[in-house]
Amino acid sequence: MAMTPSPQSLAANPLVAQARNALSNVMRMGDQPALRRAMPAVMIMVATGLALAGWLLLREPSRMVLYPGLPEAEKSRVYEALTAAQIDATVNQLTGEVEVATADFHRAKMQLASQGLPEAMPDGDTVLADLPMGASRSVEAARLRQVQEMELARSITEIASVQGARVHLALPEKSAFLRDQEPPRASVFLQLAAGRVMEQAQVEAVVNLVSSSVPGMARGDVTVVDQMGRLLSRGSDDAASLVTDRQLQQRLEVEKLYRQRIESLLTPIAGAGNLSVQVTVDMDFTQSSITEERVDPNGSAIKTEQTEETESTDSGARGIPGAVSNAPPNQGQLQPAQTAPVNQPVNGAKPVPTNRTAGTTRSFEVSRTVQTTQPATAVIRKVSAAILMRALPQAAVAEGEPVPPALPEALKADLERLAQSAIGFDATRGDSVVVMAQPFMEEAIIADAPTDWSWLPDASRQFGMIALIAIVALGIIRPLLTRSPMAAEALPNGQATVSLGGVQGVEVAEGDSLDDVQARLEARRSKLTQAALGSSATREEKFAVLRQIAAEDPARIASVLQRMMKDELDTTAS
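If you're wondering where the values come from, they're calculated on a predicted model, not measured in any experiment.

S.K.: Honestly, the overall build of the protein in this entry has me stumped. Any pointers?
M.R.: In terms of regular secondary structure, the protein is built from 15 helices and 14 strands. Within the protein, buried positions represent 18% of all 574 residues. Intrachain contacts of the protein at a sequence separation of at least 6 include 65% that bridge at least 24 residues.

Structure (structure tokens):
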């Protein structure tokens, strides 16, 4: 059975006695008039401190920008690294910069540095500034080449679809012999953004940028590769690829032109959104040269003409060849003058030729024509156009009656003629135009996105702060400010009773001032004192009553002493 400690044993315990003394001291301090008067101010200060502490706990911490001016790709990497490290990182809605709490600023920078982030490229000025004094020519050339590579890489990175770039330049040493000089070459490595593809025009721009930045570098000596290992610059030095790309581009442009012509003609008839047009063009890009030579047998012309004529006065040898015939003739016999020889000139005239030969040689040229024809490189072989229209709503048809076509024949014929005129229809080459009408599927209605409740935590935090301030202001501060040393109780007849300093039962009528109420309270207090002490009370009884009043209401005693000492204090001060 447990024994209950007696009051004597508790009083004998020093710890219990000390606790009782401390409690009595605290109660005595609480009964001090000065502390009672200061209690409202203390409560206001405590309430203000609690409200301030709550605001500090609920408010969002201050933030700092980690690395201002980073590219978007670097911001994404930094944000992912900080989130993985459980560091509260946010993106400013106005500036787009990555921010962290001020308390986590240095920890975030060390975390990013351990992962090599951000991967910002140093500029050329920084590399040249680090060039040591007295460096050799080879070291200086290597640094200059490095600076050139970095600057080219930075320029290429500014392209929207390029996330990162590296440039490698192969610059041979200059030689005094022309035959030993090698052309400079370059290799470009591109890291494309997720889901982005480099167009051929962009690749050509990169090739031109690099080749123009290095003296003596040809476009064909620049190689561009992406992160997937695909050669992007294969068309730079391949003439066949360039021609194929141009041909495809030309074909697409012709098809687009024909499609726009048909849509511009038929849209006013069918209405916007009720027409779908596709055009296919078959083009021949074969390059050929035709040389033709034609000969006209009926047409001829003298090209050259040569005439030759020969005369001789000596007669030629006659007779049978032999020794006698080859001997010179005998001396001629003199004859009479009247009979002159036939071949002798008479009276000094010129001898008459005995042999004469004439000939003419003519060359004729037949008429011919040589013609070279170069056909067009892009010839349209066939054009096919398909036109699909939205079917018109069909009216109700009675049972047994034929269903009308979705597209009237007259309207269909007009549409075909318009489309044929738009594309330059040619039946000899096999062009075709097809017009059909079918009901279109209704567009799918996309459901509304789910409500974003990300604002709820911030709103709850702000609402909690406002509610806490309202509770403190309306529940603690306002009652303390409106509290009066006089306590009033309402009476049923509209009057009130006021108690002050333990004096109860003073009625306050409507229209009474504060001075009237205080005078009534003082008169009531004096009457109560006389009634308590009486006229026949002894000195000891009066002292006992005064001690009891001082213990119960020390404020009254302090007020009386202050009044008693007021004249002496005023005299001393003066």
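S.K.: Can you walk me through the pattern of salt bridges in this structure?
M.R.: A side chain with one charge may pair with a side chain of the opposite charge, provided their charged atoms come close. Using the criterion set out here, one finds 9 salt bridges in the structure. As a salt-bridge pair, arginine 219 and glutamate 204 come within 2.2 Å of each other at their nearest N and O atoms. Here arginine 219, found in the loop between α8 (200-213) and β6 (222-226), pairs with glutamate 204, found in helix α8; they are 15 residues apart in sequence, far enough to count as distant. We note a salt bridge from arginine 429 to aspartate 431, for which the minimum N-O separation is 2.6 Å.

S.K.: Explain helix α5 (residues 105-114) here, please?
M.R.: Counting along an α-helix, one turn takes 3.6 residues, and residues three or four places apart therefore face a common direction. Burial in α5 covers these residues: Phe105, Ala108 and Leu112. Projected down its long axis, α5 shows its buried positions confined to an angular sector of 65°, all on one face. What points out from α5, more than 90 degrees from its buried face, is the exposed set His106, Met110, Ala113 and Ser114. In this fold, the buried residues of α5 make contact with β1 (63-65), α4 (72-84) and β3 (98-101). Looking one or two places after α5, you find glycine 116, whose phi comes out positive at around 75°.

S.K.: Please clarify how α8 should be interpreted in this entry.
M.R.: With 14 residues, α8 ought to run about 20 Å at 1.5 Å a step, and its terminal C-alpha atoms sit 20 Å apart, in line with that. Of all the residues in α8, the buried ones are Val203, Glu204, Val206, Val207, Val210 and Ser211. Down the axis of α8, the buried set is contained in an arc of 160°. They therefore lie on one face. Turned more than 90 degrees away from the buried face of α8 sit Ala201 and Ser212, all of them exposed.

S.K.: Please explain the nonpolar core as it appears in this structure.
M.R.: Soluble globular proteins tend to pack their nonpolar side chains together in the buried interior. Ranked by internal contacts, the top residues of the largest apolar core, which has 23 residues, are Ile262, Val279 and Ile387. Sorting the residues of this core by element identifies α9 (239-270), β7 (275-284), β10 (379-390), α11 (409-423) and β11 (432-438) as the ones contributing at least two each. Residues within four places of valine 279 in sequence aside, it is in contact with Glu255, Tyr258, Arg259, Ile262, Val383, Ser384 and Ala385. Grouped together as the second largest cluster of nonpolar side chains are 21 residues, Leu152, Ala186, Val214 and Val224 included.

S.K.: Looking at this model, I keep getting lost on a nonpolar patch on the surface. Mind explaining?
M.R.: A cluster of nonpolar side chains, Met29, Leu35, Met39, Val42, Met43, Val46 and Leu50, forms an exposed patch at the surface whose accessible area comes to about 590 Å². The element best represented in the nonpolar patch is helix α3 (residues 33-58), accounting for 6 residues. If you trace the backbone, leucine 50 turns up in helix α3.

S.K.: When you look at the pairing of β3 in this model, what are you seeing that I'm missing?
M.R.: On a regular strand, each side chain points to the face opposite its neighbour's, so the side chains alternate between the two faces of the sheet. Examined bridge by bridge, β1 and β3 share 3 bridges and lie antiparallel to one another. Residue arginine 63 lies in a different strand from β3, and its bridge partner there is alanine 101. Sheet analysis places strand β2 (residues 89-91) next to β3, joined by 3 bridges and oriented antiparallel. In the strand pairing of β3, valine 91 is matched with valine 98. The turn joining β2 and β3, which pair antiparallel and follow one another in sequence, is formed by 6 residues; a positive phi near 75° is taken by glycine 96.

S.K.: Honestly, the sheet that holds β11 in this entry has me stumped. Any pointers?
M.R.: Adjacent strands of a sheet form backbone hydrogen bonds with each other and so pair up, either parallel or antiparallel. Pairing within the open sheet is mixed, and its 3 strands lie in the order β7-β10-β11. Each having just a single partner strand, β7 and β11 make up the two edges of the open sheet. Pairs of neighbouring strands in the sheet enclose a mean axial angle of 10°, with direction left out of account. Direction of pairing for β10 relative to β11: parallel, over a ladder of 7 bridges. Among the inter-strand pairings, methionine 389 is bridged to a residue of β11, identified as alanine 437. Each of β10 and β11 is contacted by α11, which is oriented at about 140° to β11, the strand it contacts most.

S.K.: For this particular structure, what's the right way to read unusual backbone geometry?
M.R.: Peptide bonds are, in most cases, trans, and in most cases residues other than glycine have a negative phi. The phi dihedral of glutamine 86 is positive, around 60°, even though this residue is not glycine. Along the chain, glutamine 86 turns up in the loop between α4 and β2.

S.K.: Where do I start with the environment of valine 254 in this structure?
M.R.: Structurally, valine 254 is set in helix α9. Separated by 26 residues in sequence, valine 254 and threonine 280 have C-alpha atoms that sit 9.1 Å apart. With residues near it in sequence (within four places) discarded, valine 254 still touches Val281 and Met283.

S.K.: When you look at the packing of helix α7 (residues 137-157) against α8 in this model, what are you seeing that I'm missing?
M.R.: For any two helices packed against each other, the geometry is given by the interaxial angle and the distance between the axes. Relative orientation of the contacting elements α7 and α8 amounts to 155°, with a least axis distance of 11 Å. Viewed along their axes, α7 and α8 adopt a mutual orientation that is roughly antiparallel. Judged by the twist between their axes, the crossing of α7 over α8 is right-handed. On α8, the residues touching Gln148, Leu152, Ser155 and Ile156 of α7 are Val206, Leu209, Val210 and Ser213.

S.K.: Please explain the side chain of serine 211 as it appears in this structure.
M.R.: By the secondary structure assignment, serine 211 is in helix α8. Residue serine 211 is classed as buried on the basis of its relative accessible area of 9%. Looking at serine 211, its side chain comes within polar contact range of the main-chain oxygen of valine 207, at 2.9 Å. Every residue in contact with serine 211, bar those within four places of it in the chain, is listed here: Met217, Ala218, Arg219 and Val222.

S.K.: It is not clear to me how the sheet that holds strand β5 (residues 185-192) should be interpreted in this structure. Could you clarify?
M.R.: Read across the sheet, 3 strands follow the order β4-β5-β6 without closing on themselves; strand pairing throughout is mixed. The two strands at the open ends of the sheet, each matched to only one other strand, are β4 (162-170) and β6. Between one strand axis and the next, the sheet turns by 15° as a mean value, whatever way the strands run. As paired strands, β4 and β5 are joined by 8 bridges and run antiparallel to one another. Bridging from a neighbouring strand, valine 167 pairs with valine 188 of β5. On the sheet, α8 packs against β5 and β6 and is oriented at approximately 135° with respect to β6.

Rules used in this analysis
Residues numbered from 1 in each chain as written. Predicted model: local features only at pLDDT ≥ 70, side-chain atom pairs only at ≥ 80, totals over all residues. Heavy atoms only, no water. Helix = DSSP H or I, 4+ residues; strand = E, 2+ residues; numbered from the N terminus. Buried < 20%, exposed > 50% of the residue type's maximum accessible area, 1.4 Å probe, protein only. Contact = heavy atoms within 4.5 Å. Salt bridge = Lys/Arg side-chain N within 4 Å of Asp/Glu carboxyl O. Arc of directions from axis to C-beta. Expected span 1.5 Å × (residues − 1). Core = buried A, V, L, I, M, F, W, Y, C linked by side-chain atoms within 4.5 Å. Patch = residues over 30% accessible without salt bridge, like charges linked within 9 Å, V, L, I, M, F, W, Y side chains within 5 Å. Areas by Shrake-Rupley, 256 points an atom, 1.4 Å probe, with all protein chains shown as cover. Pairing = 2+ DSSP bridges. Axes fitted to C-alpha atoms, helices over the stretch in contact; angles between N-to-C directions. Parallel < 35°, antiparallel > 145°, perpendicular 65-115°, else oblique. Left-handed = near helix turned anticlockwise from the far one by under 90°. Polar contact = N/O pair within 3.5 Å; in protein donor to acceptor, adjacent residues only side chain to side chain.

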